Amino acid sequence: MATPASNAGNSEDPTSGDNDGGGLMKMGWRSLEGLGRRAQKALALEKKHLFWETQPVEQFKDRDNQDLVEGPIDPPQDVSEVRKEPYNLPKDYEWCTCDIGSDEIMNEIYNLLTSNYVEDDENMFRFDYSTDFLRWALRPPGFFPSWHIGVRVKVTKRLVAFITGVPAHIRVRDKVVLMAEINFLCVHKKLRSKRLAPVLIKEVTRRVHLENIWQAVYTAGVVLPTPVATCQYWHRSLNPKKLIDVGFSRLGARMTMSRTIKLYRLPDAAATPGFREMERHDVPAVRRLLRNYLNQFIVAPHFSEDDIEHWLLPKENVVNSYVVENPESHEITDFCSFYTLPSTILGNPNHTFLKAAYSYYNIATSTPLLQLMNDALIMAKRKDYDVFNALDIMHNHSFLKQLKFGPGDGHLHYYLYNYRIKGVMKPSELGLVLL
């Protein structure tokens, strides 16, 4: 449980200061690559991986060793042997457990992340995690409040660092393992010389172990020991004029603005009969669709109905999900979804907000996937999203080029903590999306 799960944070290297690391959330041709690259150095430890060499993760030197078996690298301890006391912080700081249900504390977390979590290299964009999104991300079924960890200044009680974990059942081949996903590692910009990040990582690991959980899955935009898969983000413009105006993308060669707008224009309504927003009574059917679909991938989530209800029922400006209901049989045959991760636009006199959709889980059994995803684009456009992003995982590669997605120039690496699988998965063998 040694790195944030999905999104990048601070820009320094922990060998020289403190950072938040995590996965690259790339967003465009000009893109927000810097959000990942500056921050992903957080746990890369420059050219050496000193921290990771002490952790139960597959090492580069072992990648081709066929004698090593798949499964846990280190056996679980007896929980009674796990350290009971929190790790020591510098003398002016103290641990706190953040109550995600408190509006006051959520406002503190929002302000910390907004000002210190991620920014692109050119200081043009900054991720803007809403309170609703954070509560959705951090309170799945079976969540542990003790895994929402903060660091405060003793005197002022100001929140200056944060890290979180959530439990998730992850299937690796034919084994379902209860793992932790670590995310939102953030240290205030002014405190990055205090080396708080490694202590935060050790502390969340300790708290995860106290719940008798010993594995984790996470992503990063840099190469650490050792990726189990490497994926790429692709980006589909929905509001090309705005994206060009704010410097997120640019006009192509020999293209005018009017031709560009026409190129990315979408129909006003979905083309698929029976296409509608998911409702609560669809949960069992969506679970069956997902279970059957995800079984073909080497690594994928193992969702319960409670998980489906939490992660996939539509929530305004958080997650959007749609089903296709056969007009005659009323069977749910197809499903698509995307979640919302906006950014603040910095220093632009005309625009302050960039609304981005991220492809989540999509299953096509009777509707062509290309048509289903075009309908998803239409829904995103109708809801005023500016750009639609998708990883090239699962079967996404089959629609990206035809639906006018453009490739980003960075990569997202997936990792397993304390669990070894042989070989490197192709993106099309991976069935897991981490926020």
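Colleague: Explain the packing of aromatic side chains here, please?
Modeller: Each aromatic ring pair is described using two quantities: the centre-to-centre distance and the angle formed by the ring planes. A complete count under the given rule lists 23 aromatic pairs for this structure. Ring plane angle 90° and centroid distance 5.2 Å describe the contact between Y129 and F184, whose orientation is recorded as edge-to-face. Taken together, the residues Y129 in the loop between β2 (125–127) and α3 (131–138) and F184 in strand β5 (residues 175–187) connect sequence positions 55 residues apart. With a relative accessible area of 2%, Y129 lands in the buried category. Using a relative accessible area of 1% as the deciding quantity, one classes F184 as buried. Seen from their ring centres, F338 and F388 are 5.5 Å apart, and the 65° between their planes marks the pair as edge-to-face. Highlighted residues: F338 in strand β11 (residues 332–340) and F388 in strand β16 (residues 387–391), separated in sequence by 50 residues. With respect to burial, F338 and F388 carry one shared label: buried.

Colleague: Explain the pairing of strand β17 (residues 406–417) to me, please; I cannot follow it from the model alone.
Modeller: Regular strands place their side chains on alternate faces of the sheet. Counting buried positions along β17 gives nine out of twelve residues, so the element sits mostly inside the fold. Summarising the sheet, strand β6 (residues 215–220) and β17 pair through five bridges and their orientation is antiparallel. Its bridge partner being in β17, Y218 is matched across the sheet by Y415. Here strand β7 (residues 229–237) pairs with β17 via six bridges, running antiparallel. Note on β17: the bridge partner recorded for W234 is P407.

Colleague: I would appreciate a short explanation of the packing of helix α2 (residues 103–116) against α3 in the present structure.
Modeller: Helix-helix packing is described using two parameters, namely the angle between the two axes and the distance between the axes. Their axes nearest at 10 Å, the elements α2 and α3 cross at an angle of 100°. In this view, α2 runs roughly perpendicular relative to α3, as classed from their interaxial angle. Along its contact with α2, which presents D103, M106, I109 and L113, the element α3 presents T131, L134 and R135. Across the contact of α2 with α3, the residue classes break down as four nonpolar, one polar and two charged.

Colleague: How do you make sense of helix α7 (residues 283–294) when you look at a structure like this?
Modeller: Helical geometry note: an α-helix holds 3.6 residues per turn, so side chains three or four residues apart project in the same direction. Over its twelve residues, α7 extends 16 Å from the first C-alpha to the last, a length consistent with the 16 Å expected when each residue adds 1.5 Å. Among the residues of α7, V283, A285, V286, L289, L290, Y293 and L294 are the ones counted as buried. All buried residues of α7 lie within an arc of 165° about the axis, which places them on one face of the element. Opposite its buried face, α7 presents the exposed residues R288 and N292, each directed more than 90 degrees away. Packing partners of the buried residues in α7 comprise β4 (159–172), β9 (299–301), α8 (305–312), β10 (319–325), β11 and β15 (363–364).

Colleague: Mind showing me how you'd approach the sheet that holds strand β13 (residues 353–354) here?
Modeller: Strands pair in a sheet through their backbones, by hydrogen bonds, and they do so in one of two ways: parallel or antiparallel. Reading across the sheet, the three strands line up as β2-β12-β13 and stay open at both edges, with antiparallel pairing between neighbours. At either margin of the open sheet sits one strand with a lone partner, and together these are β2 and β13. In the sheet, strand β12 (residues 343–345) pairs with β13 via two bridges, with the strands oriented antiparallel. Of the residues in β13, the one forming a bridge with S343 is L354.

Conventions we followed
Residues numbered from 1 in each chain as written. Predicted model: local features only at pLDDT ≥ 70, side-chain atom pairs only at ≥ 80, totals over all residues. Heavy atoms only, no water. Phe/Tyr/Trp six-rings, centres within 6.5 Å; stacked < 30°, edge-to-face > 60°. Helix = DSSP H or I, 4+ residues; strand = E, 2+ residues; numbered from the N terminus. Buried < 20%, exposed > 50% of the residue type's maximum accessible area, 1.4 Å probe, protein only. Pairing = 2+ DSSP bridges. Axes fitted to C-alpha atoms, helices over the stretch in contact; angles between N-to-C directions. Parallel < 35°, antiparallel > 145°, perpendicular 65-115°, else oblique. Contact = heavy atoms within 4.5 Å. Nonpolar A, V, L, I, M, F, W, Y, C, P; charged D, E, K, R; others polar. Expected span 1.5 Å × (residues − 1). Arc of directions from axis to C-beta.

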